[in-house]
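Descriptive analysis of the structure
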Amino acid sequence: MTALDDKINECFPGLVVRKDLVKAVKGNAIVPSYVLEFLLGQYCATNDESSIQSGIETVKEILRKHYVHRNEAGLIRSNIREKGRWKVIDKVSVDLNTDKDAYEATFANLSIKKVIIDSDTVKAHPKLLVSGVWCIADVEYEHSEDKSVEPWILGGIKPIQLSKFDYEAFLGARARFTTDEWIDLLFQTVGFDPEMFGRRSKLLQLMRLVPFVERNYNLIELGPKGTGKSHIFSEFSPHGILISGGEVTVPKLFVNNSSGKIGLVGYWDVVAFDEFAGRQKRVDKALVDIMKNYMANKSFSRGVETLGAEASMVFVGNTKHNVPYMLKHTDLFEELPEKYYDSAFIDRLHTYVPGWEIDVIRGEMFASGYGFVVDYLAEILRHMRNDDYSNRYQALFTLSADISTRDRDGVNKTFSGMMKLLFPADNATEVEVEEILHLAVEGRKRVKDQLLRIDSTYPETDFSFMAQDGRKVVVKTLEETEYPQYYHKRAAAHDGSTPESAGDVKGASTSNVVQYAGEAETDVVGPREGHKVFSENQKGVTFADIFWPWLKGATNIVLTDPYIRMFHQLRNLMEFIEMIAQHKAPEDEVTVHLVTCADEAYPEKQQTNLIAIEAAAGAAGIKFSWEFDGTNRIHARHLVTDRGWKISLDRGLDIFQKFEMNDAFSLANRLQTYRQVKAFEITYLRSV
């Protein structure tokens, strides 16, 4: 157990569970995670290993005896008949039989229907009437000679969700965590190991929770397959429902005019559309029109009556092409079904989560530490839907006057949701508020910038905000920084003309704004002094790009980096040597000297690896040597060459995020340009 796990157990006793237990218990049971965690939270909410193992066996026994597998439904029905009563775990849905004027329940896996259920139970749990709820239910069997009477009787029912929680205790416990610890706790709660992801990746994935904490929030995430886009909406909360984008109808989603029955938006906090992308999908235009009105006005019509609802809308789908292809040839919404590829629909989206920045999920990425029992956090998030944090930045920052009301609403709702998730007690620092505001503006900017490509009537917007000290922060999306040659593109005007590329955002002064790496510098020949900032998750960064122009012609290079110890750090050093070997002339010799610190934990392994690098470098005409700083106090990381250049490195060579090093068929393993980087800065200075 880590120190964070200890703190989690101490601050939230009985409300957390070790996340790897869910996988261990689930087996072949096709049951949502929140159902399993409900049981694990009752029997395994502890850090005592013997109690955990005992609890696991208890939960497995409960699932073995009471969870209904479809292929064993006949055996369970027989048990109920023979014993007269049996407890089952199943998904229960209810419908009103108007002929009998009675509510009847259907058990999905048990395959029994027309089970009489009393009105009070239905009123207490109205979601039984829409798509069903997972429950622990007592089912009885009583045979009758009357063939019209069903033998199944519902003795009792308990939806698998918390009945109460202490919100003030939640806020008090949150105050004991640092921001990084809290982010890691939330990240472990949704099932992933925080050590495998950078801060930006964590925040982007936690944005998937905003629809649960913010009413009428419209989010879209498009990206490659296998990045876990739909995981949260299918497994995380009993207040959200994931449906296939191709199975939606107006009666199912909004209202059935003939029966008056309200659809999904009236019963669920979040309605998520899976596999939403696909140009060839058949879509009802009437559905799109009603959805656009609902997303804008939070209401829909039933005949002459207008109804309101609070459900947030989420659209997730896969992209077929990579980002530079889409930016060059089409846009980032190219995979939307044709009838949704509509500027009015797209403009109602509050944020666009860039799914391509999130790595394909691998086995080692899943959490083994402690996180909230997801149902507990789901109830907390639902409680916070009543709060509004959208004005919490206004004392520190002012949005550009160029940002329209609709853009401002998108920014404010994303900001409010992220603040509720990370700072429910409103205790964020100015730096943290700026980080969240920047992310919120970026998400809306991504939507608006693509609208400029689709509809020429949309004006360019200065997506920036001003700090109290007069500092102007111009927000750019990461893909704008990576692919500036393709990013700024306008739709053809109605008269057939094409506006000029918007190289500089309207009204954006960059006189006091840091320039981000990736921006074209075609007017510059050769290396020059300067400062570059690289954003987290940025791709296309190689040692050759950021080092070689300043190292070219050098015969003596001194690298000072105290952290050349762990395997990935030593591999970075080897790739630095490889870069020099590839770019120098074969007949030239180069001396590379490393000043670092000894690894106190594994000094022999460090020495062995450095000796191996020395031998490999020698074969390419590179004389590699090293020395250990005896004080272990060096902190500044830099390169110095005999050509008069000093390169200051805030992260040293350790600029890449974790990737699969053992996969010989991974491009990220083979080529640096396909890896995501950590956020880092680099400064080039003339030393003479």
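As the structure is a computational prediction, the values presented were derived from the model and not from experiment.

**A short note on the pairing of strand β7 (residues 218-223)**
With six of six residues buried, β7 is to be regarded as a mostly interior element. Relative to strand β12 (residues 312-318), β7 runs parallel, the two sharing six bridges. Each bridged residue has a counterpart across the sheet, and for Glu221 the counterpart in β12 is Val316. For β7 and strand β13 (residues 351-354), the ladder comprises four bridges, and the chain directions are parallel. In the strand pairing of β13, Glu221 is matched with Val353.

**Description of the nonpolar core**
Ranked by size, the top nonpolar core spans 93 residues in total, and within it Phe12, Ile89, Phe372 and Leu422 carry the most contacts. The contacts of Phe12, once residues within four sequence positions are left out, are Phe170, Ala173, Arg174, Phe177, Trp182, Leu185, Phe372 and Tyr376. The next biggest cluster of nonpolar side chains, apart from the first, holds 47 residues, and it includes Val250, Phe254, Val288 and Leu349.

**So, the packing of helix α22 (residues 567-583) against helix α23 (residues 603-618)**
In contact at an axis separation of 11 Å, α22 and α23 are set at 10 degrees when each is read in the N-to-C sense. For the element pair α22 / α23, the angle class is roughly parallel. Within the contact between the two elements, α22 uses Leu570, Leu573, Met574 and Ile577 and α23 uses Asn609, Leu610, Ile613, Ala616 and Ala617. Within the contact of α22 with α23, the residues separate by chemical class into eight nonpolar, one polar and no charged.

**Side note on α22**
The terminal C-alpha atoms of α22 lie 25 Å apart, and with 17 residues this matches the ideal 24 Å at 1.5 Å per residue to within 8%. What α22 keeps buried is the set Gln569, Leu570, Arg571, Asn572, Leu573, Glu575, Phe576, Ile577, Met579 and Ile580.

**Focus: unusual backbone geometry**
Unusually for a residue other than glycine, Lys298 sits at a positive phi of about 65 degrees. On the secondary structure map, Lys298 appears in the loop between α13 (285-297) and β10 (299-302). You can call Lys298 partly exposed: its relative accessible area is 45%. Positive phi is not limited to glycine here, since Asn537 has a value of about 80 degrees. Here Asn537 shows up in the loop between β18 (530-534) and α21 (543-551). Here Asn537 falls in the buried class, since its relative accessible area comes to 2%.

**Digging into the sheet that holds strand β17 (residues 472-474)**
In spatial order, the strands read β15-β16-β17; together these three strands make up an open sheet with antiparallel pairing. Lying at the two open borders of the sheet, with one neighbouring strand each, are β15 (397-399) and β17. In this sheet, adjacent strand axes meet at a mean angle of 25 degrees when their direction is disregarded. Pairing of β15 with strand β16 (residues 464-467) involves three bridges; the strand directions are antiparallel. Considered in β16, the bridge of Leu399 is made with Phe465.

**Regarding the environment of Asp269**
Tracing the chain through its elements places Asp269 in the loop between α12 (250-253) and β9 (270-274). The class for Asp269 is buried, based on a relative accessible area of 9%. Taking the C-alpha atoms as reference points, Asp269 and Asn216, 53 residues apart in sequence, are found 8.6 Å from one another. If we ignore the near neighbours within four places in the chain, the residues touching Asp269 are Pro211, His239, Glu310, Ala311, Ser312, Arg382 and Arg385.

**A word on the confidence of the model for the protein chain**
Of the residues in the protein chain, 93% have a pLDDT of 70 or more, and the chain-wide mean is 88. Here helix α3 (residues 33-43) is the element of the protein chain with the lowest mean pLDDT, 81, and β13 is the one with the highest, 98.

Rules and cut-offs
Residues numbered from 1 in each chain as written. Predicted model: local features only at pLDDT ≥ 70, side-chain atom pairs only at ≥ 80, totals over all residues. Heavy atoms only, no water. Buried < 20%, exposed > 50% of the residue type's maximum accessible area, 1.4 Å probe, protein only. Helix = DSSP H or I, 4+ residues; strand = E, 2+ residues; numbered from the N terminus. Pairing = 2+ DSSP bridges. Core = buried A, V, L, I, M, F, W, Y, C linked by side-chain atoms within 4.5 Å. Contact = heavy atoms within 4.5 Å. Axes fitted to C-alpha atoms, helices over the stretch in contact; angles between N-to-C directions. Parallel < 35°, antiparallel > 145°, perpendicular 65-115°, else oblique. Nonpolar A, V, L, I, M, F, W, Y, C, P; charged D, E, K, R; others polar. Expected span 1.5 Å × (residues − 1). pLDDT = per-residue confidence, 0-100.

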